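# Overview (structure and organization)
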Amino acid sequence: MITGATRLAGVVGQPISHSMSPILHNAWLAAAGIDGVYVPFAVTPEAFAAFVNGLRGGSVAGLNVTVPFKTQALALADTITDRARLAQAANVLVFQEDGGILADNTDGLGLLAAFAQQAPGFDPAAAPLAILGAGGAARGAAAAFLSAGATDIRVINRTLARAQEIAADLGPAVRAYGLDQAAQAFEGVGALINATSAGLSGSAGLDAPLAATPSTAVVMDMVYKPLITPFLAQARALGRPTVDGLAMLIGQAVPSFAAFYGQTPPPGVDVRTLAKQALGL
Ligand code: ATR
């Protein structure tokens with residue numbers, strides 16, 4: 001039931017109608033008995049800044065931010081957490097009562113949670129890591145693995161200059177490679193993460209030499225639609241253990257929920273099954 005005291009949060013993006021986030025957050029709200037609701041906001045790029053600024057003061061507790069607004073969201077904030085600054089992107093905005101906006105990034109936590117859940121023996125510090133892509137998602141992944149103890153991160157991108165920018169920003173543990181050097185970069189890795197947008201439903205898959213990774217390398221794709229991307233299917237065919245993007249989505253939603261509703265999601269809610277049902281799986 002919606003009451004006069006219902007605490008509102010939501011997710012903003014474009015497109016937004018297929019977002020899984022409302023399903024996750026509302027299942028947790030119901031199970032926790034919180035007087036809250038979580039809704040999707042479809043906002044155009046032209047209207048984004050006015051929309052966010054209009055929520056200052058806390059009539060809405062907070063927002064998750066998704067494509068294509070994560071960089072713009074960071075720029076509108078008054079306070080920025082270290083991890084959001086490192087990622088140069090925000091997936092969480094919290095509206096404070098004094099009118100301020102706090103920007104955070106929980107995608108890195110989601111990534112680490114996905115590995116912890118689906119590849120429990122994985123240690124980010126034990127071997128080099130390869131990340132495909134050099135957008136905000138790749139930058140956030142590199143920053144998260146660095147904070148988890150990684151000492152050798154290889155960022156591989158079609159446009160080498162973008163990978164070099166990440167390496168320059170994050171320090172000597174991060175090195176840049178072009179896509180043509182991928183086989184070399186995959187040598188000896190403990191994990192390979194696809195942080196490119198290739199593999200999204202309707203787009204062509206990524207042509208990466210997966211066989212160059214060690215047989216024990218964990219292969220992860222941040223894309224969750226389809227849940228098994230061409231990249232993950234190729235990894236599975238090679239016998240590699242895999243981690244999917246839905247685990248990461250759920251992993252970032254947990255600390256987001258806590259930021260909006262002041263408590264961690266209640267245990268025992270099988271949000272993965274709910275999300276899979278919504279994906280038609
Ligand atoms: P985000 O901020 O969500 O990570 P982005 O900045 O658009 O999104 O980055 C998308 C990434 O996917 C980039 O690394 C892009 O490579 P370029 O920097 O060379 O553009 C990568 N990408 C997208 N489609 C690709 C494809 N078909 N093959 C290789 N890389 C691709």
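Preceding block: the structure.
In short, a report on the structure. (Residues numbered from 1 in each chain as written. Predicted model: local features only at pLDDT ≥ 70, side-chain atom pairs only at ≥ 80, totals over all residues. Heavy atoms only, no water.)

Along an α-helix, a turn takes 3.6 residues, which lines up residues three or four apart on a common side. Its 12 residues give helix H6 (residues 136-147) an end-to-end C-alpha distance of 16 Å, which sits within 8% of 16 Å, the value for a rise of 1.5 Å per residue. Taken as a whole, H6 has its buried residues at Ala138, Arg139, Gly140, Ala141, Ala142, Ala143, Ala144 and Phe145. Contact partners of the buried residues in H6: helix H4 (82-87), helix H5 (107-118), strand E7 (129-132), strand E8 (153-157), helix H7 (160-170) and strand E10 (191-194). Immediately beyond the C-terminal end of H6, within one or two residues, lies Gly149, with a positive phi of roughly 105°. (Helix = DSSP H or I, 4+ residues; strand = E, 2+ residues; numbered from the N terminus. Expected span 1.5 Å × (residues − 1). Buried < 20%, exposed > 50% of the residue type's maximum accessible area, 1.4 Å probe, protein only. Contact = heavy atoms within 4.5 Å.)

Glancing now at the pattern of salt bridges. Overall, the coordinates contain seven salt bridges when judged by the stated rule. Put simply, Asp104 and Arg83 hold a salt bridge, and the shortest N to O gap is 2.7 Å. In this pair, Asp104 is assigned in strand E6 (residues 101-104) and Arg83 in helix H4, connecting sequence segments 21 residues apart. Residue class for Arg83 comes out partly exposed when judged on its relative accessible area of 38%. One network of salt bridges, with partners in common, ties together Asp152, Arg154 and Arg175. (Salt bridge = Lys/Arg side-chain N within 4 Å of Asp/Glu carboxyl O.)

Here the focus is the site of the ligand. The local shell around the ligand holds 13 residues, among which Ala134, Gly136, Asn157, Thr159 and Arg162 are the closest. Contact between the ligand and Ala137: an oxygen atom at 3.0 Å from a main-chain N or O atom of the residue. Within the side chain of Arg158, a nitrogen or oxygen atom sits 2.9 Å from an oxygen atom of the ligand. Protein coverage of the free-state accessible area of the ligand, which is 650 Å², stands at 69%. Its residues placed into classes, the shell around the ligand shows four nonpolar, seven polar and two charged. (Near = heavy atom within 4 Å. Polar contact = N/O pair within 3.5 Å; in protein donor to acceptor, adjacent residues only side chain to side chain. Areas by Shrake-Rupley, 256 points an atom, 1.4 Å probe, with all protein chains shown as cover. Nonpolar A, V, L, I, M, F, W, Y, C, P; charged D, E, K, R; others polar.)

This brings us to the sheet that holds E10. Spatially, E9-E8-E7-E10-E11-E12 is the arrangement adopted by the six strands of the open sheet, whose pairing is parallel. The open sheet is flanked by strand E9 (174-178) and strand E12 (242-243), the only strands paired with a single partner. Inspection of the sheet shows E7 paired to E8 by four bridges, in the parallel sense. Bridging from a neighbouring strand, Leu132 pairs with Ile156 of E8. Where H6 meets the sheet, its contacts fall on E7, E8, E9 and E10, and the angle it forms with E7 comes to roughly 165°. (Pairing = 2+ DSSP bridges. Axes fitted to C-alpha atoms, helices over the stretch in contact; angles between N-to-C directions.)

A few words now on the sheet that holds E6. Within the open sheet, the six strands sit side by side as E2-E1-E3-E5-E6-E4. Their pairing is mixed. Every other strand in the sheet has two partners, leaving strand E2 (36-42) and strand E4 (79-80) as the edge strands with one partner each. Across four bridges, the pairing between strand E5 (residues 92-95) and E6 is antiparallel. Within E6, the position partnered with Phe95 by the bridge is Ile101. Running over the sheet, helix H1 (residues 21-32) touches strand E1 (7-13), E2 and strand E3 (62-65) and is turned about 170° from E2.

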